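Structure at a glance
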Amino acid sequence: MILRHFLHIYDFNSETLRHLLAQALELKKTPIQPLLAGKSLGLIFEKPSTRTRVSFEIGMGQLGGNVISLQNSEIGLNSREPVKDISRVLSRYVDAVMIRAYHHSDILEFAAYATVPVINGLSDLHHPCQGLADALTILERKGTLQGIKLCYLGDGNNVCRSLLEIGTRLGMNIVVCCPQGYEPDMTGVSGTISHAPAHAVKDADVIYTDVWTSMGQEDEFAKRMRDFEGFMVNEALVAKAKPDAIVMHCLPAHRDQEITDGVMESPQSVVFDQAENRMHAQKSLLLHVMGVSL
Ligand code: CP
Ligand code: NVA
């Protein structure tokens with residue numbers, strides 16, 4: 001049996017991604033539907049989380065299912081027990097697993113041994129659940145994704161890579177504006193790289209940023225603070241985009257590093273819609289990976 005793992009946006013074609021977004025909009029209108037009654041979801045966290053944990057737990061509950069959340073201090077990925085053993089054990093208890101891990105290779109190994117669908121809840125290289133929810137937010141706000149110009153300012157990180165993948169699948173025009181040396185992997189995605197923020201945001205429909213120092217990179221904090229100078233999303237930069245541009249951030253945000261407090265709190269900011277949409281998008285995803293239709 002082919003399992004519907006969601007480890008990368010590119011695991012799904014455009015048609016499936018569009019279906020997931022349309023289904024998420026339907027679920028948002030009618031949140032409580034016991035379509036996954038009797039099903040169980042396991043969540044594994046090797047790194048901290050607020051949105052991912054709560055949106056999966058509450059979303060699964062709204063669908064009538066059960067959740068068990070496991071911290072790495074309890075299960076010890078590769079310290080207490082090999083990933084391949086944890087994967088096969090959990091597969092005997094639950095109907096799907098979401099895993100957040102430092103190393104993408106651990107998520108790939110987990111999925112290779114799992115006998116239930118596996119969802120990537122963030123790794124060092126990808127954050128597909130975030131990309132899916134962000135596409136939902138842009139679709140709601142702009143009515144389309146085709147031809148939308150999204151300017152991503154900051155580190156070419158996990159969130160950036162998943163945005164590039166969903167943007168490529170769904171026809172967005174993505175410009176990544178980062179300091180030299182912080183470019184994302186552009187293999188197989190369309191999009192352009194810039195090093196000039198004022199130029200890159202011109203005519204943007206969406207301005208997106210994320211932390212400059214991701215979880216696991218804390219040792220590089222001081223260097224990154226220096227290297228990213230000039231890449232903060234501030235009022236002057238937002239004013240250069242389209243007047244109706246929206247500002248996005250996956251959260252958690254560091255005010256007055258990658259984004260000013262003023263921009264975060266401005267009417268153009270949709271950051272809390274993004275956070276909410278994590279839940280709607282993931283409920284749609286859970287139905288899909290478990291083979292249940294609305
Ligand atoms: N955006 C996001 O994934 O948030 P958490 O790290 O709080 O889950
Ligand atoms: N790029 C960030 C995203 C957090 C949701 C990180 O990996 O820490």
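The structure reproduced in this document is the subject of the present report. Predicted model, so just to flag it, every value in this text is computed and none were measured. (Residues numbered from 1 in each chain as written. Chains lettered and ligands numbered in written order. Predicted model: local features only at pLDDT ≥ 70, side-chain atom pairs only at ≥ 80, totals over all residues. Heavy atoms only, no water.)

Focus: the site of ligand 1
All residues adjacent to ligand 1 are Ser49, Thr50, Arg51, Thr52, Arg100, His127, Gln130, Cys250, Leu251 and Arg278. Residue Arg51 places a side-chain N or O atom 2.8 Å away from an oxygen atom belonging to ligand 1. A distance of 2.9 Å separates a nitrogen atom of ligand 1 from a polar atom in the backbone of Leu251. The protein chains hide 96% of the 260 Å² of surface that ligand 1 would expose on its own. Tallied by class, the residues present in the shell around ligand 1 amount to two nonpolar, five polar and three charged. (Near = heavy atom within 4 Å. Polar contact = N/O pair within 3.5 Å; in protein donor to acceptor, adjacent residues only side chain to side chain. Areas by Shrake-Rupley, 256 points an atom, 1.4 Å probe, with all protein chains shown as cover. Nonpolar A, V, L, I, M, F, W, Y, C, P; charged D, E, K, R; others polar.)

Remarks on helix 7 (residues 158-170)
End to end, helix 7 covers 18 Å across 13 residues, agreeing with the expected 18 Å (1.5 Å per residue, within 8%). With respect to burial, helix 7 is a largely interior element, eleven of its 13 residues being buried. Among the residues of helix 7, those classed as buried are Asn158, Val159, Cys160, Arg161, Ser162, Leu163, Leu164, Glu165, Ile166, Gly167 and Leu170. At its buried positions, helix 7 is contacted by helix 1 (14-29), helix 6 (128-142), strand 5 (149-153), strand 6 (173-177) and strand 8 (206-209). Its side-chain oxygen 3.1 Å from the backbone nitrogen of Val159, Asn157 forms the N-cap of helix 7. Positive phi shows up at Gly171, right after helix 7, with a value of about 85°. (Helix = DSSP H or I, 4+ residues; strand = E, 2+ residues; numbered from the N terminus. Expected span 1.5 Å × (residues − 1). Buried < 20%, exposed > 50% of the residue type's maximum accessible area, 1.4 Å probe, protein only. Contact = heavy atoms within 4.5 Å.)

Quick look at the site of ligand 2
In the vicinity of ligand 2, the contacting residues are Leu122, Asn157, Asn158, Val159, Asp210, Val211, Ser214, Met215 and Leu251. Separating a nitrogen atom of ligand 2 from a side-chain N or O atom of Asp210 is a distance of 2.7 Å. The contact in question runs from a nitrogen atom of ligand 2 to an N or O atom on the side chain of Ser214, over 2.8 Å.

Thoughts on the packing of aromatic side chains
Under the criterion given, the structure shown has four aromatic pairs. A centroid spacing of 5.8 Å and a plane angle of 25° characterise the contact between Tyr152 and Tyr208, whose relative ring orientation is stacked. Of this pair, Tyr152 sits in strand 5 while Tyr208 sits in strand 8, placing them 56 residues apart in sequence. Like Tyr208, Tyr152 is buried. Ring centres of Trp212 and Phe228 lie 5.4 Å apart, and the angle between their planes is 15°; this geometry places the pair in the stacked category. (Phe/Tyr/Trp six-rings, centres within 6.5 Å; stacked < 30°, edge-to-face > 60°.)

Notes on the environment of Gln282
Note on placement: Gln282 falls in helix 12 (residues 271-289). Among the residues examined, Gln282 registers a relative accessible area of 1% and is labelled buried. Sequence spacing of Gln282 and Ala133 is 149 residues, and the spatial spacing of their C-alpha atoms is 7.7 Å. When near neighbours in sequence (up to four residues on either side) are disregarded, Gln282 contacts Thr52, Ser55, Phe56 and Cys129. There is a polar contact of 2.7 Å between the side chain of Gln282 and the side chain of Arg278.

Points about helix 12
With 19 residues, helix 12 should reach 27 Å at 1.5 Å per residue; the first-to-last C-alpha distance of 27 Å fits that figure. Of all the bends in helix 12, the greatest, near 30°, is centred on Asn277. Most of helix 12 is tucked away: 15 of the 19 residues are buried. Note on helix 12: the residue one or two positions beyond its end, Gly291, has a positive phi of about 70°. (Bend = angle between axes of the 7 residues up to and from the residue.)

Re the sheet that holds strand 4 (residues 118-120)
Pairing is parallel across the open sheet formed by four strands, whose spatial order is 2-1-3-4. The strands lining the two open edges of the sheet, one partner per strand, are strand 2 (66-71) and strand 4. Averaged over all adjacent pairs, the angle separating strand axes in this sheet is 20°, with direction ignored. Here three bridges tie strand 3 (residues 96-100) to strand 4, and the two strands are oriented parallel to one another. Residue pairing across strands places Ile99 opposite Asn120, the latter belonging to strand 4. Against the sheet, helix 2 (residues 51-62) engages strand 1 (40-45), strand 2, strand 3 and strand 4, with an angle of about 175° to strand 1. (Pairing = 2+ DSSP bridges. Axes fitted to C-alpha atoms, helices over the stretch in contact; angles between N-to-C directions.)

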